[in-house]
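Fold and geometry: a report
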Amino acid sequence: MSKAIKLSLAILFFLCLADMPYGYYQLVRLLGLLGFVFLAFQAYRQEKLLQLIIYGALSILFQPFYKIALGRDLWNIVDVLVASGLLISFLFKNKLLNEK
């Protein structure tokens, strides 16, 4: 389930680079919050502190309740970095993030 969430979020974040309606970005923020909270909970259950911190911070960054105004250019950079990180964690076993 974690792999499906990572891949889905990565695709959603890469699609944010396109000119989409504002409602799409709101949906991505909500799905990002839900996905990162789930991933943080999984990391907590597996006692992976670094992953818990990363996913917890990302859930705060993407939460839809209090908009964090970074500007479109900076949000595009954040989207690409986060999507790339999700794809890397989807494709490879990163020993640093998977340490117990």
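Residues numbered from 1 in each chain as written. Predicted model: local features only at pLDDT ≥ 70, side-chain atom pairs only at ≥ 80, totals over all residues. Heavy atoms only, no water.

**Regarding the packing of aromatic side chains**
- In total, this model carries six aromatic pairs according to the counting rule given.
- With 4.6 Å between their ring centres and 25 degrees between their planes, F13 and F62 make a pair best called stacked. Of the two residues, F13 sits in helix α1 (residues 2-15) while F62 sits in helix α3 (residues 49-62), which places them 49 residues apart along the sequence. For the pair shown, F13 and F62 are each scored as buried.
- When the centroid spacing of 6.2 Å and the interplanar angle of 20 degrees are considered together, the rings of F36 and Y55 count as stacked. Of this pair, F36 sits in helix α2 (residues 22-45) while Y55 is found in helix α3, placing the two residues 19 residues apart along the sequence. (Phe/Tyr/Trp six-rings, centres within 6.5 Å; stacked < 30°, edge-to-face > 60°. Helix = DSSP H or I, 4+ residues; strand = E, 2+ residues; numbered from the N terminus. Buried < 20%, exposed > 50% of the residue type's maximum accessible area, 1.4 Å probe, protein only.)

**A few points about the nonpolar core**
- Core analysis: the largest hydrophobic core is formed by 20 residues, its most contacted members being L9, F13, F36, Y55, F62, V82 and L86.
- Counting only elements with at least two residues in this core, the list comes to α1, α2, α3 and α4 (72-91).
- Counting residues per element, this core draws most heavily on α2, which supplies six residues. (Core = buried A, V, L, I, M, F, W, Y, C linked by side-chain atoms within 4.5 Å.)

**Describing the side chain of Q63**
- Within the secondary structure, Q63 sits in the loop between α3 and α4.
- Among the polar contacts made by the side chain of Q63, one reaches the main-chain carbonyl oxygen of Y66 at a distance of 2.5 Å.
- The residues touching Q63, leaving out its near neighbours within four places in the chain, are R29, L33 and I68. (Polar contact = N/O pair within 3.5 Å; in protein donor to acceptor, adjacent residues only side chain to side chain. Contact = heavy atoms within 4.5 Å.)

**Observations regarding a nonpolar patch on the surface**
- A cluster of nonpolar side chains, namely L27, L30, L31 and L34, defines an oily patch on the protein surface of about 330 Å² accessible area.
- Position of L31 relative to the elements: it lies in helix α2. (Patch = residues over 30% accessible without salt bridge, like charges linked within 9 Å, V, L, I, M, F, W, Y side chains within 5 Å. Areas by Shrake-Rupley, 256 points an atom, 1.4 Å probe, with all protein chains shown as cover. Salt bridge = Lys/Arg side-chain N within 4 Å of Asp/Glu carboxyl O.)

**As for unusual backbone geometry**
- Unlike most non-glycine residues, E47 shows phi in positive territory, near 60 degrees.
- Assignment of secondary structure puts E47 in the loop between α2 and α3.

**Some thoughts on the packing of α3 against α4**
- Look at α3 against α4: their axes get within 13 Å of each other, and the N-to-C directions meet at 145 degrees. Where α3 crosses over α4, the handedness of that crossing is left-handed. Together, Y55, L58, L61 and F62 of α3 and W75, V78, D79, V82, L86 and S89 of α4 make up the contact between the two elements. (Axes fitted to C-alpha atoms, helices over the stretch in contact; angles between N-to-C directions. Left-handed = near helix turned anticlockwise from the far one by under 90°.)

The values reported here are purely geometric and, on their own, carry no functional implication.
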